[in-house]
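Chain and residue survey
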Amino acid sequence: MKVLENSSKHNTPKKQKTFQHYLPAGDRCYSCIHCRANLAAHSELISKSFQGSQGKAYLFNAVVNVGCGPAEERVLLTGLHAVADIYCEICKTTLGWKYEHAFESSQKYKEGKFIIELAHMVKDNGWDEQNDS
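Along each chain, residue indices are assigned from 1 in the same order as the chain's sequence is written. With pLDDT at 70 or above as the cut-off, local features in this predicted model cover only qualifying residues; side-chain atom pairs require 80 or more to be listed or tallied, and sums for whole chains, interfaces and linings still use all residues. As a convention, hydrogens and water are excluded, and side-chain values are obtained from all of the structure's heavy atoms.

We count it as follows: UniProt positions are given in the numbering used here, feature names are shortened, and annotations may be inferred rather than shown by experiment.
Going by an unreviewed UniProt entry, the protein chain carries the name Protein yippee-like and comes from Caenorhabditis tropicalis. As recorded by UniProt, the Sequence similarities (unreviewed entry) comment attached to the protein chain reads in full: "Belongs to the yippee family."

In structure tokens form, the structure reads like this:
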């Protein structure tokens, strides 16, 4: 996400303007169900076998148009993790979380990855023309 700082000649605080990131047209992607902002390319999907607080969730390698809150330790189905809630930068809806740290060695592959709950996303761009894998 690109952030542009506006500055003035006066001693006023700098304002930040957030620009929405658009994934390539025609590429299958997932978008926010509430505002339709692109969230992740289908090519960044790692697994569909995750559980969020509101049902099924997907694990992604990378996301766009997503902000991240502070990390906190939580006991999840697979053990203790340090996670940070993630939210849509456009409509501010909480989408899922980012794995900051896994305390068990078998869960280390999740570090730096993102969970987005299905309740908060829709499929966009080219799903009709391609296999739904």
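The rest of the description comes next.
Considerations on the sheet that holds strand S9 (residues 94-102)
This is how the line gets drawn: A pair of strands counts as paired when DSSP detects no fewer than two bridges linking them. Comment: elements are numbered from the N terminus, with helices defined as DSSP H or I runs of at least four residues and strands as E runs of at least two. Axes here refer to lines fitted to C-alpha atoms; in helices the fit is confined to the stretch in contact. Angles between the N-to-C directions go from 0 to 180 degrees.
Taken in spatial order, the six strands line up as S5-S6-S10-S9-S8-S7 in an open sheet, and their pairing is antiparallel. Strands with a single pairing partner mark the edges of an open sheet, and in this sheet they are strand S5 (45-52) and strand S7 (66-76). Between one strand axis and the next, the sheet turns by 30° as a mean value, whatever way the strands run. Judged from the nine bridges that link them, S7 and strand S8 (residues 79-88) form a sheet pairing that is antiparallel. What sits directly across from Val-66, in S8, is Cys-88.

Quick look at the side chain of Ser-47
Let me state the cut-off plainly: Under the scheme applied here, a residue whose accessible area is under 20% of the maximum for its type counts as buried, over 50% as exposed, and between as partly exposed, the area being computed with a 1.4 Å probe on protein chains only. Polar contacts here mean pairs of N or O atoms no more than 3.5 Å apart (in protein, one a potential hydrogen donor and the other a potential acceptor; neighbouring residues in sequence count only if both atoms are side-chain atoms). Two residues form a contact once any of their heavy atoms are found within 4.5 Å.
Among the structural elements, Ser-47 can be located in strand S5. Look at Ser-47 and you get buried, because its relative accessible area is 17%. A distance of 3.0 Å separates a polar side-chain atom of Ser-47 from the backbone nitrogen of Ser-49. Those residues in contact with Ser-47 that lie beyond four places of it in its chain are Ala-57, Tyr-58 and Leu-59.

Here's the deal with the packing of aromatic side chains
What counts is decided by this rule: By convention, a stacked pair of Phe, Tyr or Trp rings (six-membered ring in the case of Trp) has centres within 6.5 Å and planes under 30 degrees apart, an edge-to-face pair has planes over 60 apart, and any other such pair is tilted.
Applying the stated criterion across every chain, the model contains four aromatic pairs. Measuring from centroid to centroid gives 5.8 Å for Tyr-30 and Tyr-58, while their planes differ by 85°, and the two rings are edge-to-face. Here Tyr-30, found in strand S3 (residues 29-32), pairs with Tyr-58, found in strand S6 (residues 55-60); they are 28 residues apart in sequence, far enough to count as distant. Looking at Tyr-30, the relative accessible area reads 2%, which means it is buried. Ring pairs connect the aromatic residues Tyr-30, Tyr-58 and Phe-60, which therefore count as one cluster.

As for the nonpolar core
Put simply, the test is: Each nonpolar core is a collection of buried residues, namely Ala, Val, Leu, Ile, Met, Phe, Trp, Tyr and Cys, held together in the definition by side-chain atoms within 4.5 Å.
Membership of the largest hydrophobic core comes to 17 residues, with the highest contact counts inside it found for Tyr-30, Leu-39, Phe-60, Val-63, Leu-95, Ile-116 and Met-121. At the level of secondary structure, the elements contributing two or more residues to this core comprise S3, strand S4 (38-41), S6, S8 and strand S10 (114-117). With residues near it in sequence (within four places) discarded, Leu-95 still touches Leu-39, Val-66, Ile-86, Tyr-87, Cys-88, Ile-115, Ile-116, Glu-117 and His-120. By size, the runner-up hydrophobic cluster in this structure holds seven residues, among which are Ala-57, Leu-59, Trp-97 and Tyr-99.

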